[in-house]
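# A structural walkthrough
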Amino acid sequence: MKDAQPKTIYLKDYRSPDFLIDKTDLHVVLTDDVTCVTATLQVRRNPATENKQAPLVLNGQDMILKDVSIDGCPVQNSQYVLSPETLTINEVPDAFALKTVCEIKPQENTSLEGLYRSRTMYCTQCEAEGFRKITYYLDRPDVLSEFTTTIVADKAQFPVLLSNGNLIDKGELDNGQHFASWHDPFKKPAYLFALVAGDLSVIEDTFVTCSNRTIDLKIFVEEKDLDKCDHAMASLKNAMRWDEEVYGREYDLDIFMIVAVDDFNMGAMENKGLNIFNTSCVLAKPETTTDMGFQRVEGVVAHEYFHNWSGNRVTCRDWFQLSLKEGFTVFRDAEFSADMGSRTVKRVEDVSLLRTLQFAEDAGPMAHPVRPPSFIEISNFYTLTVYEKGAEVVRMIHTLLGAEKFRQGSDLYFERHDGEAATIENFVAAMEDASGRDLSQFTRWYSQAGTPRITAKDSYDEASGIYQLTLTQSCPDTPEATTEEKQPFHIPVAIGLLGDAGNLAIHLQGTEPDHDTPDNTHKVLELTQAEQTFSFEKLPERPIPVLLRGFSAPVKLEFDYSREQLTAIMSRDDDGYSRWDACQKLAVAVIHDAMQAYRSGQPYIVDTLLAEAYRTILNDSSLDQAMVALMLQLPSEAYLSEIADVVDVEAIHFARQDVRKQLAVALEAELLHTYNSLTGKDKPFSTSAEAVAERSLKNIALSYLVHGEASSALALAQQQLQSATNMTDEISALSVLVNSDSEAAPAMAQQALADFFTRWQHEALVVNQWLVAQANCVLPEGLERVKTLMQHEAFDIKNPNKVRSLIGAFCNNNAINFHHADGAGYEFLADQIITLNELNPQIAARQLTPLTKWRKYDESRQALMCKALERILAEPALSKDVYEVVSKSLKGK
Ligand code: B3K
Ligand code: ZN
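Here's a quick rundown of the structure. (Residues numbered from 1 in each chain as written. Chains lettered and ligands numbered in written order. Predicted model: local features only at pLDDT ≥ 70, side-chain atom pairs only at ≥ 80, totals over all residues. Heavy atoms only, no water.)

### Regarding the overall build of the protein chain
A count of helices and strands for the protein chain gives 28 helices and 32 strands. For the protein chain, whose C-alpha radius of gyration is 28 Å, the value lies close to the compact-globule estimate of 29 Å for 893 residues. With respect to the principal axes defined by its C-alpha atoms, the protein chain has extents near 90 × 70 × 60 Å. A total of 893 residues make up the protein chain; the buried ones form 60% of that total. Taking the contacts inside the protein chain whose residues are at least 6 apart along the sequence as the reference set, 70% of them involve residues at least 24 apart. As presented, the protein chain carries roughly 35000 Å² of accessible surface, and 49% of it is formed by carbon and sulfur atoms. The protein chain carries 84 positive and 130 negative side-chain charges, and their two centres are separated by 2 Å. (Helix = DSSP H or I, 4+ residues; strand = E, 2+ residues; numbered from the N terminus. Rg over C-alpha atoms; globule rule 2.2 N^0.38 Å. Buried < 20%, exposed > 50% of the residue type's maximum accessible area, 1.4 Å probe, protein only. Contact = heavy atoms within 4.5 Å. Areas by Shrake-Rupley, 256 points an atom, 1.4 Å probe, with all protein chains shown as cover. Lys, Arg positive; Asp, Glu negative; His and termini not counted. Charge placed at Lys NZ, Arg CZ, Asp CG, Glu CD.)

### Some points on helix α5 (residues 384–401)
Spacing of three or four residues puts side chains on the same side of an α-helix, whose turn is 3.6 residues. Compared with an ideal rise of 1.5 Å per residue, which puts 18 residues at 26 Å, α5 spans 25 Å between its outermost C-alpha atoms and is within 8% of the ideal. The axis of α5 is deflected most strongly, by about 25°, at Gly390. Within α5, 13 of the 18 residues are buried, which leaves the element mostly enclosed by the surrounding structure. Taken from the residues just after α5, Gly402 is the one with a positive phi, measuring 85°. (Expected span 1.5 Å × (residues − 1). Bend = angle between axes of the 7 residues up to and from the residue.)

### With respect to the packing of helix α19 (residues 745–760) against helix α20 (residues 764–775)
Between α19 and α20, the least distance of the axes is 9 Å, while the angle of their chain directions is 160°. When the axes of α19 and α20 are compared, the pair comes out roughly antiparallel. Two packed elements cross with a definite hand, and for α19 against α20 that hand is left-handed. On the side of α19, the interface is formed by Leu753, Phe756, Phe757 and Trp760, while α20 contributes Val766, Val767, Trp770 and Gln774. In terms of residue class, the contact of α19 with α20 is built from seven nonpolar, one polar and no charged. (Axes fitted to C-alpha atoms, helices over the stretch in contact; angles between N-to-C directions. Parallel < 35°, antiparallel > 145°, perpendicular 65-115°, else oblique. Left-handed = near helix turned anticlockwise from the far one by under 90°. Nonpolar A, V, L, I, M, F, W, Y, C, P; charged D, E, K, R; others polar.)

### Let's talk about the packing of aromatic side chains
Following the criterion strictly, the structure yields 40 aromatic pairs and no others. A ring pair is formed by Tyr251 and Phe256, whose centres lie 5.4 Å apart and whose planes are at 85°; its orientation type is edge-to-face. The same class applies to Tyr251 and to Phe256, which are both buried. In this structure, Arg317 packs its charged tip against the face of Tyr14, placed 3.7 Å from the ring centre. Geometry around Tyr247 places Arg332 over its ring, the cationic atom sitting 4.5 Å from the centre. (Phe/Tyr/Trp six-rings, centres within 6.5 Å; stacked < 30°, edge-to-face > 60°. Lys NZ or Arg CZ within 6 Å of the ring centre and 35° of its normal.)

### Notes on the coordination of the zinc ion (ligand 2)
Within the first shell, the zinc ion (ligand 2) binds the protein through His303 (NE2), His307 (NE2) and Glu326 (OE), at distances of 1.9 to 2.0 Å. Binding-site remark: the zinc ion (ligand 2) is held by donors from one chain whose sequence spacing is H-x3-H-x18-E. In this pair, His303 is assigned in helix α2 (residues 291–306) and Glu326 in helix α3 (residues 322–340), connecting sequence segments 23 residues apart. Of the two residues, His303 and Glu326, both sit in the buried class. (Donors = N, O, S within 2.8 Å, 3.2 Å for Na, K, Ca; no water.)

### A short note on the sheet that holds strand β3 (residues 35–45)
Overall, mixed pairing links the eight strands, which are arranged β6-β5-β9-β3-β2-β12-β15-β14 in an open sheet. Looking at strand neighbours, the two that pair on one side only are β6 (73–74) and β14 (166–172), the edges of this open sheet. Relative to strand β9 (residues 95–104), strand β5 (residues 64–70) runs antiparallel, the two sharing six bridges. Across the sheet, Leu65 pairs through a bridge with Cys102, a residue of β9. (Pairing = 2+ DSSP bridges.)

### Section: the pairing of strand β27 (residues 491–499)
Put simply, side chains in a regular strand alternate between the two faces of the sheet. For β27, the buried fraction is high: nine of the nine residues fall into the buried class. Residues of β27 alternate between two faces, with Ile491, Val493, Ile495, Leu497 and Gly499 on one and Pro492, Ala494, Gly496 and Leu498 on the opposite face, all of them buried. The pairing of β27 with strand β29 (residues 523–527) spans five bridges and is classified as antiparallel. Across the sheet, Ala494 pairs through a bridge with Val524, a residue of β29. Direction of pairing for β27 relative to strand β31 (residues 544–547): antiparallel, over a ladder of four bridges. Pairing of Leu498 across the sheet is with Ile544, part of β31. Where β27 and strand β28 (residues 502–503) come together, two bridges link them in antiparallel fashion. Bridge pairing in β28 links Gly499 to Gly502. The turn joining β27 and β28, which pair antiparallel and follow one another in sequence, is formed by two residues.

### Regarding the nonpolar core
Among the nonpolar cores identified, the biggest contains 298 residues, and Phe536 and Tyr614 are the most heavily contacted of them. Broken down by element, this core gets its largest block of residues, twelve residues, from helix α10 (residues 576–599). (Core = buried A, V, L, I, M, F, W, Y, C linked by side-chain atoms within 4.5 Å.)

### Thoughts on the side chain of Asn817
Take Asn817: it is sitting in helix α23 (residues 815–818). Among residues more than four places away in sequence, those in contact with Asn817 are Cys777, Val778, Leu779, Pro780, Glu781, Gly782, Arg785 and Phe810.

### Details of the side chain of His490
Within the element layout of this structure, His490 appears in the loop between β26 (466–474) and β27. Overall, the relative accessible area of 4% leaves His490 in the buried class. Only 2.8 Å separates the side chain of His490 from the side chain of Glu526, close enough to count as a polar contact. (Polar contact = N/O pair within 3.5 Å; in protein donor to acceptor, adjacent residues only side chain to side chain.)

### Quick notes on the sheet that holds strand β8 (residues 86–89)
Across the sheet, three strands lie side by side as β4-β8-β7; this open sheet has antiparallel pairing. With partners counted over all chains shown, the strands left at the sheet margins are β4 (56–59) and β7 (80–82), one partner each. In this sheet, adjacent strand axes meet at a mean angle of 15° when their direction is disregarded.

### Concerning unusual backbone geometry
Here the amide bond leading from Glu127 into Ala128 is cis, since omega sits at -5°, within 30 degrees of zero. The residue Lys538 is not glycine, and still its phi comes out positive at about 60°. Within the fold, Lys538 resides in the loop between β30 (531–536) and β31. We note that Glu781 has phi near 70°; this positive angle belongs to a residue other than glycine. If you trace the backbone, Glu781 turns up in the loop between α20 and α21 (782–790).

### Considerations on the site of ligand 1
As a matter of local geometry, ligand 1 sits amid 13 residues, with Glu127, Ala268, Glu270, Glu304 and Tyr387 nearest to it. In this structure, an oxygen atom belonging to ligand 1 sits 3.1 Å away from a side-chain N or O atom of His303. At 2.8 Å from an oxygen atom of ligand 1 is found a side-chain nitrogen or oxygen belonging to Glu304. Protein burial of ligand 1: of its 330 Å² of free accessible surface, 94% is covered by the chains. Breaking the shell around ligand 1 down by element, the ones donating at least two residues are β20 (268–269), α2 and α3. Split by residue class, the shell around ligand 1 holds five nonpolar, three polar and five charged. (Near = heavy atom within 4 Å.)

### Overview of the environment of Ile104
Here Ile104 lies in strand β9. As a C-alpha pair, Ile104 and Thr608 span 504 residues in sequence and 67 Å in three-dimensional space. Discounting residues that sit within four places of it in the chain, Ile104 has contacts with Val34, Thr35, Val37, Asp62, Met63, Leu115, Lys133 and Ile134.

Encoded structure:
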């Protein structure tokens, strides 16, 4: 990318297309050497275009154009211009059939974008701009076309040939070839196109819709994985029912297919009627898959299915609107998962992710609004901000409108824009029109980047019983705007007021009671100004404010709680999320004390308030075990780093370990009791919320014990490893053994790792968990272990799951090793990025994230991280993906 600086694309430059493509007919012949794609497009000028003489400019790259004709007449070489990224035909009629013949080589496509080979099969990934690697096309989401696809391939090698829509024809051809033709009656943009050819097995089921139509459901996998499809199938049926019940959305085609592939850049893809999935997001069975894995399968299957309405039937006008489909669909899948399992656990997990990683993104050089105003490479904007913060923005609309009005708004949105490519304005307008609410200020959430801060101060007047809460908001600088330039957000702040005996009734002056709760103990305040005071009356005692209940807005809220107030919220508030949050705050305060002591070389004794709070939780058998497990989890190093101004790698790591160890020692009896009471029960495996909570509590107890002084702990871990009947228990035991610094542990761990590999070497997804367990090992020499593993037969740099499991896990989750003061971790990552840049730019750019955070570290680390970034930038052939992230990271340096 040295010769031509990559171009920045701006939202403000959006223009509707000069041409439309009513019909797209593809004929794809797959052979071992070249794949030949013949495309016949029914093209006409867009009546809405201003430029009636515009040339036809099609996107296309990495292809050899063999032939081009218009209405059957060859277009001569002199009549068109080919560039590396376009085919321009200057003079075309107002309506015509364009035929192109192109050759491509999917077997050489390591970017996993467009048509490529994954092991023995062919598959596609077209979102966002991969279709242009298959044929010349108007590859933009506001060009919707009716697709017919014929695939020709060797029958013995590729017995299964799939594309979107319904199978309309199939048959035998000469030379052992066969073909299948598919027709998709729903117009769609090219990014939703899919094609699969392979030797695949299938499990089948049916779903009867609310209007009594029977839909065929098929999941295609390699034969050896047929026993791992039941959970995905059950999740799919649950999702189909849920979308009917909660959103009134019925499935439209007569068939819905999922295909599992090993080599995939992300989790899955919502191609119309033919979802393509990373094996990691579809395959699951108890012996090979953790509870987290099961939940991921359920969530991703639902997410992709929900896209059929939020994304496919109503798609995005342009890629700046990405959050229109992604934020909304993440909100939908989160609510679905909450309904299927534990609502509080789901919320806590999502908030943790957001507060740790999305907040870090918001504070870094790639920070962007939920709707970015510009990009160099759109693949770089499939971010936590667009997805997770985007979902929080939709959740806030839900909070402000209430469930009923929100549903009316979504109905109106789907009704108005069915079959269209829409914008975020369209979505907000539907919500406004259905509810009568003015969301104009609210839309700043889509255009202003950064995590808003709210400071809360309170006062209480005993004589009048009036309690006042003053909230002040601001938003820090981000690359595109300073804090002064930013306008106040419209923020729903859900609150409770906690008294000595529980939650108090809330009477906000000048308003009617909310009646969200029968006893009026919950209230959503609407903060719209830079500073606002809310007065509450009839309060018999000074309350403890419980702020941002349920994490009602993606903000950082500061209030000066005493530790006693936090323990009160932990034990008494009605909102499970807030109890967990108070517990985190208390643990953060304790770890901060320990960090202080670590820095000054002093011993630290853990605040008994935290130890006793944990003891109470562990002893209270009436508590929800999921809650107990959540509360016992100390804030992660990543979270502690996010909230630090300057990340002190060693202090965070060793202080947190010290606190964990002291808690383990102080609570040994309770932890052992908890562990033993949850072990060895002969219950059949279940993925119910209760069963998941039991395993999670058992394993967190084990991890404390192993890091404490209990003499039996290692033996317990080893026994669990040997007797485990599910992967959650097995990998948890393996991980604690691998991370134990006790004298006996290394030999045990080594043996356990070897045995584990022998047992699971033929299950790629299990081997990946084995890689993660080692990549995350915090003992010294971490980088050497990772380098050794890269030579192992289990590793393959061309497979994104392997890259994420080894390189990604190490660089993102193993701070004490990755951020080693000698900078070797940074050099290692730079080397991998340079290799990946050529093979798979999307994965390369994604793996860069830890280096982009350089401003958060001490001077010496900053210099080393920048050196690594500069070395990458100096590479002669940088992809747009990597160029954008590296150059923006180094900007202003
Ligand atoms: N829409 C896809 C993501 C495509 C990413 C392309 N780089 C999966 C999803 O969000 O459902
Ligand atoms: Zn999505």
